[in-house]
Each structure stands twice: as structure tokens, then as C-alpha cells.
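Here is what each chain is made of, one letter per residue.
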Amino acid sequence: MGDDSEWLKLPVDQKCEHKLWKARLSGYEEALKIFQKIKDEKSPEWSKYLGLIKKFVTDSNAVVQLKGLEAALVYVENAHVAGKTTGEVVSGVVSKVFNQPKAKAKELGTEICLMYIEIEKGESVQEELLKGLDNKNPKIIVACTETLRKALSEFGSKIILLKPIIKVLPKLFESRDKAVRDEAKLIAVEIYRWIRDALRHPLQNINSVQLKELEEEWVKLPTGAPKPSRFLRSQQELEAKLEQQQSAGGDAEGGGDDGDEAPQIDAYELLEAVEILSKLPKDFYDKIEAKKWQERKEALEAVEVLVKNPKLEAGDYADLVKALKKVVGKDTNVMLVALAAKCLTGLAVGLRKKFGQYAGHVVPTILEKFKEKKPQVVQALQEAIDAIFLTTTLQNISEDVLAVMDNKNPTIKQQTSLFIARSFRHCTASTLPKSLLKPFCAALLKHISDSAPEVRDAAFEALGTALKVVGEKAVNPFLADVDKLKLDKIKECSEKVELVHGKKAGSTAEKKDCKPIPGRAAASGAAGDKDTKDVSVPKPGPLKKAPTTKAGGPPKKGKTAAPGGSANTGTKSKKGLETKEMVEPELSLEVCEEKASTVLPPTCIQLLDSSNWKERLACMEEFQKAVELMERTEMPCQALVRMLAKKPGWKETNFQVMQMKLHIVALVAQKGNFSKTSAQIVLDGLVDKIGDVKCGNNAKEALTAIAEACMLPWTAEQVMSMAFLQKNPKNQSETLNWLSNAIKEFGFSGLNVKAFISNVKTALAATNPAVRTSAITLLGVMYLYVGPSLRMFFEDEKPALLSQIDAEFEKMQGQRPPTPTRGISKHSTSGTDEGDDGDEPDDGGNDVVDLLPRVEISDKVTSELVSKIGDKNWKIRKEGLDEVASIINEAKFIQPNIGELPTALKGRLNDSNKILVQQTLNILQQLAVAMGPNIKQHVKNLGIPIITVLGDSKNNVRAAALATVNAWAEQTGMKEWLEGEDLSEELKKENPFLRQELLGWLAEKLPSLRSTPTDLILCVPHLYSCLEDRNGDVRKKAQDALPFFMMHLGYEKMAKATGKLKPTSKDQVLAMLEKAKANMPSKPAAPAKTMSKPMGGSAPTRCQPTPAPVEDSVSSTLEAKPDMKKAKAPGVSSKAKNAQGKKVASKTTLKEDDDKSGPIFIVVPNGKEQRMRDEKGLKVLKWNFTTPRDEYIEQLKTQMSSCVAKWLQDEMFHSEFQHHNKALAVMVDHLESEKEGVIGCLDLILKWLTLRFFDTNTSVLMKALEYLKLLFTLLSDEEYHLTENEASSFIPYLILKVGEPKDVIRKDVRAILNRMCLVYPASKMFPFIMEGTKSKNSKQRAECLEELGCLVESYGMNVCQPTPGKALKEIAIHIGDRDNAVRNAALNTIVTVYNVHGDQVFKLIGNLSEKDMSMLEERIKRSAKRPSAVPVKQAEEKPQRAQNINSNANMLRKGPAEDMSSKLNQARSMSGHPEASQMVHREFQLDLDEIENDNGTVRCEMPELVQHKLDDIFEPVLIPEPKIRAVSPHFDDMHSNTASTINFIISQVASGDINTSIQALTQIDEVLRQEDKAEAMSGHIDQFLIATFMQLRLIYSTHMADEKLDKDDIIKLYSCIIGNMISLFQIESLAREASTGVLKDLMHGLITLMLDSRIEDLEEGQQVIRSVNLLVVKVLEKSDQTNILSALLVLLQDSLLATASSPKYSELVMKCLWRMVRLLPDTINSINLDRILLDIHIFMKVFPKEKLKQCKSEFPIRTLKTLLHTLCKLKGPKILDHLTMIDNKNESELEAHLCRMMKHSMDQTGSKSDKETEKGASRIDEKSSKAKVNDFLAEIFKKIGSKENTKEGLAELYEYKKKYSDADIEPFLKNSSQFFQSYVERGLRVIEMEREGKGRIPTSTGISSQMEVTCVPTPTSTVSSIGNTNGEEVGPSVYLERLKILRQRCGLDNTKQDDRPPLTSLLSKPAIPPVASSTDMLHSKLSQLRESREQHQHSDLDSSQTHSSGSITSSSTTNIDDLKKRLERIKSSRK
């Protein structure tokens, strides 16, 4: 009992789960009681048992299970949450209850299933029961079948889907178990009860005995339609109502129900579609063309067998239909025609709506074939055309049918009319609108008067059918002229007609179903048809739905009733009269007089033709009175107007009489029943008077009255034709004016525009300007109604006229046509009825479209043209398309028959050439305009393929496709597009572009649709899948479209459609539906109607303002939507804008933009990390292969599927390379916009790109490399750091490509490797590249070695991994390579290392073979710290490029977490002991790639820098083990401890934080200023200079642009940098360590700084620039002369090549070169001439003489010549021995130039006397004489230059020149300053004049500015005396005086060496510029003669630059001793 008592205490729900059966039994019983007590279905109590109900029904104990089932049943019935358990419980019932022996259990199980169905879970239940039918246990099968049968019997076929049951029936009939077969029979009978004969076909193949039994059972069934006996919860109210009706004994519901149930199941739906195209005989198309009829027959018979399948699978049947059509149309054997017709029937029946697209092609052929008389052929053709009719709409084939109606063959006419009659039977009032009825009635009315009786009968039958379908009211207007006899015949036929509406569903209640329709049409036709674009849309739809569509319903009803009623009263009375009047006979004059005399006074008639005008006037007055008093009924209008027209009639000469006459005509027309016959009598006279000045207005009044009586269209036509028969231009122009006005008053409906157009054209051609003006005004009025299409008819007018027309149209644009004020009062506009008025828009529309006769172009669409369009060569295809475009252009308006053009154009829509696709789309747009509404018939075969193009990946193609679809939809309306499955099939395709464009389009079009397209529901499942699409844009578009779908389908239908979704999806979708329900707009019927009312049913409501009503209706319910709609009205244009890439700020266009491209990379949180974990854990393959195998590709594809857009993935993994190119193009486009996505999928992108490296196609490779360049630039911008996984799976494959034979590719790969160093440490790149040197490909080896050299040069030895020793040994192996390029690359790399680290290299590379070692030594010797030219060039450019890319220091790498501050804090924490402060806290190795990237604008605050105790700097320090990025231990032999400290400080120089940088510079400055410590910097100079110029670049590009930074800080930083550099370049030993590349960059930085205009603007900017000036001089003097000269040459070359660099920059570089030239005599011996000449050679190779001469400035060529001349002069012929490093001397003119110079100098130096000596005379003599002359002249010039002996020297020179008139003193003057030269010349002239006694010449005042800035080098040691401003001679003493003053100012008077001021104060005192002490500054001061002393203090920037860098030392010959000594003193004191 212990146990028992335990479970008894448990709560109920726990008992139900207890393991003891008793406990469970008790639990179930208690639960049952609880369930029965709970009244609230939403009680929380229910949820407790949610998980237990399955256990209730599947209990293992049979007794307990019974109780469980009872409880479960009650639960399902009452709990609102029960639906959630459906699946599990029903499957439990099926598997565990239906196999029980107890009948009670089965019953309860069945009841539970049925209860689930009742609570709306029918689909889930049915699914589980159908699964049960596959069970092996027959008991279960029987029970499941029985349950299904009961469910069907009780709930009916609407709830229980029959198709899946019917599918499994045959299988049940084949079961071995009799019980199963019997149950199958029972369910078959039950199904038959619901769907009748539709079941026969699916069961035709079962056992004949069983079928027979079934037939017997079926016969016994009652014939009445079955009704459900049980209802769903939602239908319970209906059930209650049903019971009430039954108790009342009413049978009313029968009809209603019938109508509901009858169309429920269509046998066709139950069938499986059969695919037949592949089963056609292979030789079918050959056989069908065969000459023997038997062969053709065989082919057709094969098709006939196939098409007997009742349901065919959709496919491309175009060729088959074409072949059959050809047989029907052209085959001579009538038997075959009949056979082909049968095949067509089969196809139409089997395909149904899917055949619709071919209907237009076949119908004309079949109709024309009715000329055959043989009954079997006629019957076959009839069957075919009837079957085809059911696949399309009457609207679509109306054109073809009407065309055949005019055929002369009576049989064709008869059969066509019969076909029309049969077609009408299938129509309803809504599908047979007036616009369609009108042309058919017109054609049939001709036939009822035909001579052939059979034609007449057929026409009567057709008209009778029409009458029956739409009712008399709609047809009578068209039958107005039909005589009574014929009218009776039509009515008689109408009564006989049996309508087949609803026949398809086998309904017996045809009459009931159809009769209400005419009535309904009468009520709604008036309103429903208003302003409808799509005439065949069922109009009454909205009315039926009035109760459901709350917003749209009631107002619509009200609206329809009122006008309908009012119209009908007026119309009925009018109609009888109208008919009589229309045929009023013309009366003779006598009869008229007789009639008139009865109503007019006798005197009046007598005086009509009196000769006295007064009598005539009196007569008219009486006439008028009489008319005014007459009643309408008794007024003989014709008689009265005849009297008025009686002589003198309209020839009346007195204007008063005439005015009265015209007024009377107006009165008669207004008051009487005025017929057209009466009008004919007066119109001519009225038109004649319309131009009369006095009577014109009366004439117009009369015309208006007649127009009101006889309708404007008829009157206008008469008046216009009469006016243009006259010659009087005034009458013509006034007629046009009257018409303009009349149109405004009457509206435009019914006007025959065709006639007007021709008259208006005549008027436009008139010579009289008034006529032309009136015509243009009339066109303006017409434009209001017709819209832009009116212009087409005048395109061939003269341009001047056309511009006037356009101006008039422009005036009218945006205006609405006025509301008609006339023509409505008595009767509706057209004198028929309101319905007709309602249809006006269509009439107007059709008129407008049919203004010009349409051209038949099918004959121009030849087979040649079609084959051209399909040609393999795209150019020929293009020609074909061009031809088509021109055909359409010429025709302007075309007939719908365009032959085989649709098929041809369809093929081009998926052309691989996108330009042709766009051209095709443009043609289709043209086609839509040209064909007008008739384009409808091509929607299926051409329109739907355009929609497919919306899925194109290219924006512009999609935009073009959308524009085309819109152009088509404008002509066709939406019905054609939404019919059938085509649109839903498109939406089904999982193309994100297609989906978003299509949904956007539907969202735009659906709101304006007034009736619900039946097939719209087919799109809903796909809409739901779009709501959950991976692409965000698709989801958004689907959500936007949701309310508009719901607007048409209603919430219930939409919610029901969610049934098939997965539970999770379903909940989401339902939530969205709820949301959409709140936003659902009402249908737009009412607003559209009210708007068209005042417009008089004008056509252009379609053209322009259509969207307006839509907005109104939508805005009421949708707050957010109107914006979207308004902006979308101009649809195409905004699209086009976006296509061009312009971002428009408006809301919609942004949205449209989204449309165009969804994100291509989906960000999956932690996706990348997960993939890395998988690879680490070996769950997936590691990305490592020699060639990619399939499993790698598949793996990548799988990984990509979750984070790459599906369509892009398809492109990426396509087999064709063009698709890869497309994918890359898309990726490039999305790179910027989807940074996150790209980084999230980076590993996959890089892996995919490695696959592309294995492709053979170069274009893909180039595109991939292009993408990579952009990608790595982006990554460095984003400060991304490549992970190890990404690097290892990508870099090795990229390095493979560095060995490509194509230069371009190699270059690109190198550029990418370069950029990669910005996102991946160079030290980690090194091993990968090292691995690349082991390749078999020699090009790859060479390139990799070169790249290694670049890395070492850019980033120092730290990059060498694993250790420098090992790395260099590896590299050195390649010195012995068999390939020359590899050997060179290896040597160059080692030389680069040598340049960085000197002789230590030999230690590191270990033992080399003698040969290799000698090669290396030779190379090192030759390079003299500069390796061979070309590789180094690359090596220099590389780091520079890398740095340029990174010049914005923002491009930090997020990199390895080596935060400087954390390192420092570590360091601080280590120095815990007090004595630790004596030590250096922490050591760091410098990693330049870290500096460059990690120190830009530092995001984190830098801590206070550690102040190093520099005294201890030389003591050895224990290096703590680095924590984060360990530096290889092998570096110890290269770095002392001090070195690492210095490295760290240098690394901070390049910091982005100004203070950090200044502190580091201050510390370095302290080291440099102490001579004993300065040596510590040795080996770090390049490193320090790189850091410095990086900092300069950072200031230039970032800090100077940053407005937040204080500019004083920047000046302070500049002063620190420049001070440091000056300190450095004072120390010659250190200065010489700077390498060429570094010097080049440094000089570039300094010169850029000198030219920075932003600095000049700062307060102390001038000071900075002067300091830079001084620094540049120091750099030029103290650096290694080879390196600096080489650097300057490279800089000059670069600056001349760079188009962007300023001329000032090149000029400063050249001034530096001139200075170097001046230093050459002293430095020539320390220069490596070979290297300099190599540089000059390269320079001359890049810039040959001709190219240099083209430079804007002549300085470059002069600079080069000066340099070479100086070198020649200093070296003599030996110079030619220094060309060793130049491989190919012929590449430049260097050698030739040097030879020329040598020869020239040899010629010049010998004097005449030398030349006269004997040839054998020794050279020594020659030289000595030359030397003597030189010495003599030098002596003279010395005197001239000295203070005391100037005049003496000049006199001697004068004497010498006189003596040796041809002596050349040019060389002595050439290198001196301009001042000196002019002084000497002037001095000589003065002496000459003195000697000749001519007195003194006044000297020129001052010197021209040109001389001042001249580029002629001035000797530093030469100062000449020249004319002062006032013309006096000035000697050197003046300058010496000034020099003293300057020296005083600059504090240079004292001879004692001052301590140099500390760095920070260097620039703090602008009043005492330290710069002035430099020799350059001195020269610049001396040169500015005209400036006062004050100005010297702040000398001008430009001149200081010019002179400082321009003053260059020349030969040692000219020097003024005194000055020179003083200057030397000044210099030494400065040092």
C-alpha cells in the first residue's frame, strides 16, 4: 500500500505520467473531469496538459488507453491550444489506436481525428491519415480509410482535399486484404457523391470487376448535390442558419449551395500532368514536312496519341503548334487538316490556360480554314477552336475574329458567327463588356443583312446569345438601326439560347447561375465600367463583396444606384423618339409649308421672302415668338428650318434679319425634337455665317444647340467637313474655334477623332495664320482628353510647326479636362444610357488608339529576318533587331498579327550579350506602344519572358525590363498577367533580383486593380517563401506587397494558405498577415469612379492622372504607403536615374535602389570563428592542395551557402569563366557598401580566389587580382588584421602566381603582396615567400627573392624568419642558381641586407663556395652601398608605395594585441625596486611594419613616456623575456642592449600622438648632442630617418588637415624634427650612414614641407621654412655624396615623370643638384662615379634629349649638362672608364654626350699658338702653355675680386683682351654670379670709354628681377661690386659693412664657440633667426640689394629658397681671399 498511497498524493498531471497503470488510469479519469469542468477555452489549465495528450492516446495499457482517449477527445474539443498537438496526437492515434482490437478505441480515435478537423486542423489530420495508408498493418489502413471517408461525408469536399486521396485509391484497390479493398470501394462511392464523373478518369485503370461494382453503386446515389453535415468552428453560425431554413421548409439554400459546391472539383485538377514533348518521334519535324501524305499522317497520328492524355505538362509547345498550324492552314489533304485540328484540340484541352499564348497564332488559321465544306473537317475545326477559346479570352482573340468577319466566303462568315455565338455562351455580363460587344455587334449587324441565309441565321444566333448574356439594356444601343422584324428574330434566338456558364463544373443549375447576371450588370454596369483600363475584368465583382470590403462596399452601392436610376428615366422616353428621328424622312417644300402654316401666323409665312428688310425683320420677330410658345411635341422642326432656309435663306443680306434667323434656329434645336435631317438643312448655312463678324456668335450658338440635339460627334463631323470644303479661311478658323469650345462643353466622348486629325492636318497646312492658330488651339483641347499619344500623328510636320504644337501641349500639361456642362441635361451623352456613358473611357481609348489605320507588318517579318535574329554571330543578331526596330518605327501603329516575331524576340531575351537583351527590351517597349491594347494576346508568350529578365544581375538590364513590363501593362491592364500560373512560376524561381523586382511591380500595380484576378492565389505560397527569403530586400518587398495581395484575396484566404508552411514559418507569416491586415487598403473602385465622372469618361484618365485615385483610396488606410505610391507614378524615370547610379534623396528612390541589389554577403554571427574551429578540429578538410580537388570545391560551396547570396554563388561556381567575371564584377561593386559582409566572409572569399588562381583564363585572373588590390586596400583602411587561417589558405597560392610569364600579372601580384604587409605582419609573410623560393619555376624564385629584399629593405632584419642566419643561408644558396635572373635577385637581396647591416652579413650567410663568395664580394664592392640599379629601384619604390598607401596614419592595424601602453605598464611593474629606476625598464625590437601601421592616430591614450636615464645607456642590461611577440634569440649577435632601447624610442618618433613623438625626439636629441654618446645611434640612422619622414608625412597629410589640433603643437613638432636632423647631420660619421632610398624620401619630405603653403600662413611658419632651408644644405653637404647625388637624380626623374608634381618642386630639386655640382671639386674623390653615371644613364634613358627639350622649363636639360660638364672637367678622359655598371650603353645618349664633351674641351683648351706648334711637339708643352694662360687669367680675376686691386685687375683684363682678341675668358665668367659678370663687362666698357675719351656711361639702375632669380650658379666665394640704385660704383667695402651688421644681429660677432641653444628654443625667438648664420642665408641677404635693413630681418621665403639652394660653389679659381677666410670662420663657429 506504501506505493499506492504515494501516487495518490501526486497532482493529476504527474499521475498521468506515472509508471503504474492504476495511477495513470486515475490521472486520466481526474483529467477528464477537470476538462469537462473548465468553461474558458483559453484557461491556462489547458497548457499544463499540452505535452501529455499524446501519452493519453498512446498508453500501452488498453484499459487505461480507452480512458485516455476519452479525456483526449474532451481536451481537443474544448482547449484552444489543442491545435498545437495535432500532428503528434493523430500520428499516435494512427499507430497505436487504429491497430487495437476494441471497436470502442477505434471509434474514439476516429472521433478525435474528426474533432481536430473541426478545430481547423484538417490538413494536418489528412496528412497523418494518408501516411497511415502506407502502413503494413491492414487494420490501420482500413481505419485510416474509414476515418477519411467519414470526414469527407461529414465535412464535405471543401474541407477534405480529394486530390491526394484519389491519388492513392488505385493502390488501395490493388491491396491483397479484402477489408482494405471494400473500404476503398466505400470511399470511392463517397468521393463520387461529391465530384461525380470527375472521378472516372483517375480510376479508369483499376480492375474491371471493381470498376463495374463501383458503377453499380454510383448509379444508386441520389442525384442532388450533397451537403456537409458538420462544420468547422468558424462555420458553426452557417450551420445554425441552415437548420433554421430547413425547419422553415425553405429550399432557398439549394440554389445558393449549389452554386457554391458545383465548381468545387474539376476532374482536370485531380489528374497528373504528362510530359509529351520528349516523347514526340525524333523525326517528327522532318516527317510533318514530308512530301508523302502518308508520312505526314504518321507524324500527326503519333501526336494525336500523345495529346489524348487529359492533362499535359507545361512546356515550350511553340514549334509543335507551329507545325500543326501549318498543316491546318496549308495542307491540301483535308483528312490531315482534320487530324491536325484534333491534335490542336487535344493540346488545348490538355494544357488549358497554358495553351493561351499560342491561341492568337492559331485562331486566324482555323477560322480561314472553315472554307472547307466537308463536315468531318468542319467539325474537327469547330472542336479545335472551341477548345482553344477556353484557353484564352474573347478579348485576346477579338482582333483576329473580327478580321475574318469581313471575309467574302459565306461559309467562313457563317462559322465565325457561330463560333462567336458559342463563345458568348461562355461569357458573363462582366466578361463581355461594351467595349468588346460594340465591335462584334457592328460586324454581326452587317451579317444579318447578308445575302446568304446561313450567314444571317448564324449572326442572329450570335446576337441573340449576346442579348441573353448581357441583357437588352446593354445590347439595345447597338441595335438602334435594326428594323423590328430582325429585332424580333434576335429576341427569338435569345430565348432559345442555353447558356453554358458553369458547365465546366457540371452544374445543373445553369439558369439559376446565369440569370441574375444581366440584372446585376444593369445595376453595376454604369459604375463598374467607368474608366477601366482592362475591359475584360469582371465589373460586378466588388459589388458581390460589398459586405466584406467594408471601406469600398457601401459607397459603391450608393453611387451605382443613383446615376443608374436617373439615367434610365430620361433614356426610356428618349429612346423611342431617337429611333424615329434617326430615320426621319426628308419632307418636300410643299409639305413643310403646309406643316409650318399650321403653327405660324399667315403673315409671317408671306413676308419671309419680302424685298423690304424691315418686313423680313418683323416676320422673324413673329416667327421667334411663335417658336417660343410652341410645345415640344407639336413643333415641326424640319418644316420650320425649311421655312427659314427659303429664299433669300442663308443669303440674307441684312445682318439684323440674319441674326434673328440664326437665333431662331438655335431655339428650334433647343425646344423641339430636332433630327439630323433638320440639321442637314441648316448646317451649311450656319457654317457659311460662322466667320461673319456680326452674325458669327449667333451661328455658333445655333451650332451648339444643334450639337446638343443631335450629339456633338455627328454635328462636329458634318461641320468640319463643310468648313473645309469652303475657301473662306475666316470660316475655317472660327469653325475650329467653335469646336474647341464645344469639346470643352460637351466632353470628348464619341468623337470621331480620325476625321478631325485629317481636317486638323489640312488646317495646319493652310496659308492663313489664323487657321493654323485655331488648329493648334483645337489640338491643345484634344490633348487634354487624348493625352501624349496625340503628338504621334503630327511627328512628320515641319519642325517650326511641331514646336508650336509642343508649346500648346506643354500649356495643357497637368490641366484636367473641364466637367462637361452640355449634352447631359436631356439624356446621357451618347443618347443611349448611363451604361454607355460608363463605357466611354474605353471608347475614347479605343478611338485614340485607332486614329490611324494600323499597318500589317507580318509580311515584313520574313523567315530571313527571323533567322537573322537567331544567328550565332551577335553582330548579325543585332542587325536583325535593328531591322525590327526600324520596321516598327516606320509603321508607327501595327496590327496584332506579327508572324513569327514573338518567338524570335523571346529567344533574344536570354541572349548572352546583355546589349542585345536591352535592345530587345526597347523593341518590345516600342511594340507595346505600336500595337496598343492588342498586345494582350502576346502577354503569355512574350510578356512573361520579359518578367524573367527582371532576374538579371545587371542593374541597367533590370531597369530596362521593368520599363518594358510597365509599358506593356499600360496597354494591357493587369488581368492578362495574373491569369494562369505563369506569374506564380516566375515568383517561384529563387532569384533574389527577380523576386524583389516582381514583388515591387505587383505592389505598384495591384492597388489600382479593381477586380480580383482568380489566379492571384497561386502566387501566395511563393509570396510566403519570399517573406522568409535569405535576401533582406526580397523579404522587405514581400512585406510591402502583402497588404495589396490581402486587399484582393482577403485575410481568410491568405491565412488558410499558410496551412502548408512549417509551424515556425507559419507563426511568423501569420504575424505578418495580422500586421498587413491593419494596413490593408480598400479596393479603389469608388475613388476611380468619382474621378472619371467629371471627366466625361475621357480616355486620358488612363494616360496621366490614373494614380491619383489610387493614392486617395490607399492613403485612407495606409499612412506609410502614399509616399511610396506618389513617387512611383513616374516609375520608369526614377528607375533610370538609379540605374545611372545617382542617389536620390527621396524615400522611394532609396527603396528602389534597394530593389536593385540585395546584399551579396550575409553576416553570420561568429560564422568565421566556427569555420576556423571546424578546420582546427579536423571536421572539415584543411585548405591545402597542389591542385583543387572536387571535395574542396564542394566543401567551399557548402560553407558559402549560408553567407553568400544564392545567385552570386551560382555565378561563382559556374562552369564558364564569363560567370566568374560577372561574380567578380559584382563583388567589386559591393566591396565598399558591404564591408562587414566582406570581412565576415573573408576566409571564404580568399579561398574562392585561390581556386581562380588555378583557372587558365587570364581575364578571370586579372579581374581577381584587381579585386584583391581593392580588397586589401579596404582591409587596411578598416584596420583589419588577417588571421593565420586566412593567411595560410591564401598566401601560398598567391605566391604561385608571382611566377606567371605575363609581366602585368607578376606586377599585380607584387603589388598585392606589398599591400598585404599592411594587414599581416611582414615577419609572418617572410616564411611564405621563402617557401616560394623553392619553386621549380625560375621566374617565381627570382620574384620571391626580390620581394624578400624589399621586405628587408623596408622593415629591417627583424622580418627574417625563423632567424636572420637561417634565412640568409637559404637566400645565399640561390647565388649559385643556374638561372641568371635568380642569381641576380639573390645577390641583390644580400646586398640589400649588407646595406642595412654591414659586414655582419658574412657571418650570417655562413660558408659559400669560392665562386659564389667572389660574385657576392664583387657585387657588394660595385654597389658601394647601392645594389645594382634595377632591383634597387624596385626595392625603393616598394616601401615607398607601401607607405604611400598608408600615408594616412589612420590605417592602423587592429593587429596582434601589442598595445604599447600595456607593454610599458608591464615594464613599470617590473621595476618595483628603488634601484630599478637606474635600469632601462623594457626592451623592444623595432618592427617597422608595426610603427607604420600601429602609431598613426593612436586611438588609445598613450601613457607618459618613460624617461630613459641616458647616462646608463652604455651599461649592459639584462633583457627580460618578451611576453607577446617574441623576438628571435638569434638577434643577440646583431643588437646590443642599447640598440633595442633606441629602437623603441625611434619607433615612437613616428607615433600619431604629437606629444609622444616630441618626447621621443627630445630623448634622441640628448643622445645626438653629446659627442661621446652620439655613436650609439650608429646602425640606426636609416631607421631613425624613416621614422622621421613618416612623421613628416603624417603631419603633412593628417595633422595639418585636422582642425582640432593646435597649430602651435605642430610647429613645436616641426621644430623638434628639424632640430634633431640638424644635430644628426652635423655629425658626419652618422650622416654618411643614410642610404639612398632613405635620403630620397627624406629630401622629398623636406622639399614638400618647404612648398606647403599652409605653413606659410602660420605665425612661425616662415621660421620653420628657413630652418628647413638650413637643414637641406646640411643634408647636401654632410651625407654620403654618392647616395645624396643618386637620390636627387631619382627625385628629379620622378618629379618630371609625375604629372601632378608642381614645377616649383622640380626647381628646388634642381637647385639642390646645382649645389651638389658646386661641391663636386671637393668631393669628387669620395664619389662612386660608376653609380652616379648609371643613374644619369637611367635618367637619360627615361628622358632622351628631345623629351627633355619638350619640358616647359629649360632648367632640367641645363642642370644635366652642367653636372656632366663638371664631371668631365674634373675627371677628364678617365670619366669614360666609369661606365662599368651600365649593361647596354646604347640605351641612352650618355656615352656619346661624354665623348662630345671631351672632344670639345680638348679643342677649346688649346690656344692658337699651341695649334701652330709642330705635330710632334710634346703634350707637356701644350699643357704648360695652357696652364700659363690659365694662371695669368686667374691672377687677373683674383685682382678684380679683391678689395684693393679691383681697378688694376680690370685694366689688366682690358689689356689682355686687346692683345688676345680671341682669348676665351668665358670659362672664368661662366661659373660666377650674374652680378660679377655684369660688373666685369661694365668695368671693361668704362675703361674702353675712358681710353677713347668719351666720358662715363650712366649705369643701369639695379638689376632686373630675372637676374635675381636666375638659375646661373653663383660662386659662394665671389662677391662683386656693381651699380648701386643711384648709379654709383659700389665696392666690396659696402658689403663687408653690411656683413658686420648682420653678424652682430645674429650673435656671431664673438669668436668664442657658444653652446648651441637647447632644441626647444631653436624656433622660439623669431626675432633672432638662427638660420641667418648659414652661408646660404648670407648670400641671399647680399643678393637683395634694394631691400632695406629692416627687410633683411624677415627675408622673403622664395628668395631664400632660391638662393640658398641655388648658390653653388664653382671652380676654385675665383675666390676672394678675405671674404673666404671670414666665411670659413663663421662656418666653423656655427659648427
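Rules used throughout
- Residues numbered from 1 in each chain as written.
- Predicted model: local features only at pLDDT ≥ 70, side-chain atom pairs only at ≥ 80, totals over all residues.
- Heavy atoms only, no water.
- Helix = DSSP H or I, 4+ residues; strand = E, 2+ residues; numbered from the N terminus.
- Buried < 20%, exposed > 50% of the residue type's maximum accessible area, 1.4 Å probe, protein only.
- Contact = heavy atoms within 4.5 Å.
- Areas by Shrake-Rupley, 256 points an atom, 1.4 Å probe, with all protein chains shown as cover.
- Expected span 1.5 Å × (residues − 1).
- Core = buried A, V, L, I, M, F, W, Y, C linked by side-chain atoms within 4.5 Å.
- Polar contact = N/O pair within 3.5 Å; in protein donor to acceptor, adjacent residues only side chain to side chain.
- Disulfide = S-S within 2.5 Å.

## Focus on the overall build of the chain
Consideration 1: Within the chain one finds 105 helices and zero strands.
Consideration 2: For the chain, the residues scored as buried account for 55% of the 2031 residues in total.
Consideration 3: Considering only contacts in the chain between residues 6 or more positions apart, those separated by 24 or more positions represent 76%.
Consideration 4: Summing over all exposed atoms, the chain offers an accessible surface of approximately 89,500 Å²; the carbon and sulfur share of this is 52%.

## Here we look at helix H91 (residues 1729-1742)
Consideration 1: Taking 1.5 Å as the rise per residue, H91 with 14 residues should run 20 Å; its terminal C-alpha atoms sit 20 Å apart, in good agreement.
Consideration 2: Among the 14 residues that make up H91, 12 are buried, leaving the element largely enclosed by the rest of the structure.
Consideration 3: All buried positions along H91 are accounted for by Leu1729, Asp1730, Arg1731, Ile1732, Leu1733, Leu1734, Asp1735, Ile1736, His1737, Ile1738, Phe1739 and Met1740.

## Quick look at the nonpolar core
Consideration 1: Formed by 103 residues in total, the largest nonpolar core has its most connected members in Met1577, Phe1625 and Ile1736.
Consideration 2: In contact with phenylalanine 1625, other than residues within four places in its own chain, are Leu1585, Ala1631, Leu1639, Leu1642, Leu1671, Lys1674, Val1675, Lys1678 and Ser1679.
Consideration 3: Counting 93 residues, the second-largest nonpolar core is a separate cluster that includes Cys1241, Met1316, Phe1326 and Met1413.

## What to know about the side chain of lysine 914
Consideration 1: Among the structural elements, lysine 914 can be located in helix H47 (residues 914-931).
Consideration 2: Beyond its immediate chain neighbours, meaning those up to four positions away, lysine 914 contacts Asp952, Lys954, Val957 and Lys1222.

## Focus: helix H52 (residues 992-1005)
Consideration 1: Helix length check: H52, at 14 residues, gives a terminal C-alpha distance of 20 Å against a target of 20 Å (1.5 Å per residue), a fit within 8%.
Consideration 2: By the criterion of burial, H52 is predominantly enclosed, with 14 of the 14 residues buried.
Consideration 3: Taking the backbone nitrogen of phenylalanine 993 as reference, a side-chain oxygen 2.8 Å away marks asparagine 991 as the first, capping residue of H52.

## Here's the deal with the state of the cysteines
By definition, a disulfide links the sulfur atoms of two cysteine residues through a covalent bond.
Consideration 1: According to the stated counting rule, one finds zero disulfides in the structure shown.
Consideration 2: Its sulfur unpaired, cysteine 1241 is 3.9 Å from the next cysteine sulfur, which belongs to cysteine 1203.

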